[in-house]
Amino acid sequence: MIRAVLFDLDGTIADTAPDLAGALNRLLLEEGREPQPYAAIRPLASHGARGILELGFGLTPADAEFSPLLARFLDHYQNQVCQDTVLFDGISELITQINARGLAWGIITNKPMRFTDPLVQRLPFPIAPKTCVSGDTVGIPKPAPEPMLYAAAELGIDPAHCLYVGDAERDIEAGRNVGMTTVLANYGYIRASDQPQSWGADILIEHPLELLQYLPPLQ
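Residues numbered from 1 in each chain as written. Predicted model: local features only at pLDDT ≥ 70, side-chain atom pairs only at ≥ 80, totals over all residues. Heavy atoms only, no water.

Going by an unreviewed UniProt entry, the protein carries the name HAD-IA family hydrolase and comes from Deefgea salmonis.

Here you go:
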């Protein structure tokens, strides 16, 4: 029996790509480079600053220029962490329905706390999450099992009674690692080169409200 629904953040609950794209393009302009088109940046929004900077500058963490640019990119993003970010269509209603069914809900993200906490505070959730685990909450990010187990423990619910919804392969891997039922948010930040059909998710949804059919009915 499902007793809790846990979500990834970027690309699953919130459309954060506009603010991540804005941070990259401000940095590119500072460096005298042409901005990147939003369509190129959006699929990378679930894959962290490394992928975004590689797109913008052709750099990897092995390059000496990477770390200074990363620090500046993150500062830009922090300054606009919820400027254009919105909840995906249907998320507010989904959370309301989760609550009406007597289920808990929460967030497990690889986003560092310095961004997660202010973003979650500013997003218009109808009910606040019962747990919110960031990429640095337990010292190791997904797909390691520790963040998943930490969230389940905070809720007092066995992982086997949790759904985990995410839009990246590591989300599905993380959920499977601890015995959660995994849901692929196929509306999220999935690159053309990704092969989500091979990730092994238990459920695939094209819109958040499709999740309702997999939850216990209203009492």
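**Student:** Lay out the packing of helix 3 (residues 48-57) against helix 4 (residues 66-79) with the relevant residues and their values.
**Tutor:** Between helix 3 and helix 4, whose axes approach to 11 Å, the crossing angle comes to 110°. With respect to their mutual orientation, helix 3 and helix 4 come out roughly perpendicular. For the pair formed by helix 3 and helix 4, the contact residues are A49, R50, I52, L53 and F57 on the first element and F66, L69, L70, F73 and L74 on the second. Looking at the contact of helix 3 with helix 4, its residues break down into 9 nonpolar, no polar and 1 charged. (Axes fitted to C-alpha atoms, helices over the stretch in contact; angles between N-to-C directions. Helix = DSSP H or I, 4+ residues; strand = E, 2+ residues; numbered from the N terminus. Parallel < 35°, antiparallel > 145°, perpendicular 65-115°, else oblique. Contact = heavy atoms within 4.5 Å. Nonpolar A, V, L, I, M, F, W, Y, C, P; charged D, E, K, R; others polar.)

**Student:** Let's hear about the nonpolar core: which residues, and what values?
**Tutor:** Note that soluble globular proteins tend to have their nonpolar side chains buried in a common cluster. Residues V5, F7, I13, F73, F125 and L211 are the most contacted members of the largest nonpolar core, which totals 53 residues. Take this core: its biggest share by element is 7 residues, from helix 1 (residues 17-30). With sequence-adjacent residues up to four places away left out, I13 is seen in contact with F7, D8, V86, L87, F88, I91, W105, I107 and F125. Formed by 15 residues, the second largest nonpolar core is a distinct cluster that contains A104, V133, A151 and A174. (Core = buried A, V, L, I, M, F, W, Y, C linked by side-chain atoms within 4.5 Å. Buried < 20%, exposed > 50% of the residue type's maximum accessible area, 1.4 Å probe, protein only.)

**Student:** Could you give an account of the packing of aromatic side chains, with specific residues and numbers?
**Tutor:** All chains considered together, the criterion is met by 5 aromatic pairs. Look at F7 and W105: their rings are 6.0 Å apart centre to centre, the planes differ by 75°, and that puts the pair in the edge-to-face class. Of this pair, F7 sits in strand 1 (residues 4-7) while W105 sits in strand 4 (residues 104-108), and the two are 98 residues apart along the sequence. Under the relative-accessibility criterion, W105 is labelled buried at 2%. (Phe/Tyr/Trp six-rings, centres within 6.5 Å; stacked < 30°, edge-to-face > 60°.)

**Student:** Report on the environment of N177, specifying residues and quantitative values.
**Tutor:** Note that N177 resides in helix 8 (residues 169-177). By relative accessible area, N177 is classed as partly exposed at 44%. Considering only alpha carbons, one finds N177 and P147, 30 residues apart in sequence, at a separation of 11 Å.

**Student:** Lay out the layout of surface pockets with the relevant residues and their values.
**Tutor:** Space inside the largest pocket adds up to approximately 380 Å³. Along the walls of the largest pocket sit 20 residues, with G48, A49, N110, K111 and P112 positioned nearest its centre. Mapped onto the lining of the largest pocket, the elements with two or more residues apiece are helix 3 and helix 4. Here the residues of the lining of the largest pocket are counted per class, giving 10 nonpolar, 5 polar and 5 charged. (1 Å grid on protein atoms, 1.4 Å probe; cavity = no way out; pocket = protein on both sides within 12 Å on 5 of 7 lines; lining within 4 Å. Points joined across faces, edges and corners; volume = space filled by probe spheres on them.)

**Student:** Account for the sheet that holds strand 7 (residues 181-185), with residues named and values stated.
**Tutor:** Ordered by their spatial adjacency, 6 strands build an open sheet running 5-4-1-6-7-8, and the pairing between neighbours is parallel. Only two strands of the sheet have a single partner each, and these edge strands are strand 5 (131-133) and strand 8 (203-205). Averaged over all pairs of adjacent strands, the angle between their axes in this sheet comes to 20°, without regard to strand direction. Two strands pair when backbone bridges link them, and strand 1 and strand 4 are joined in this way by 4 bridges, in the parallel orientation. Residue pairing in the sheet places A4 in a bridge with A104 of strand 4. (Pairing = 2+ DSSP bridges.)

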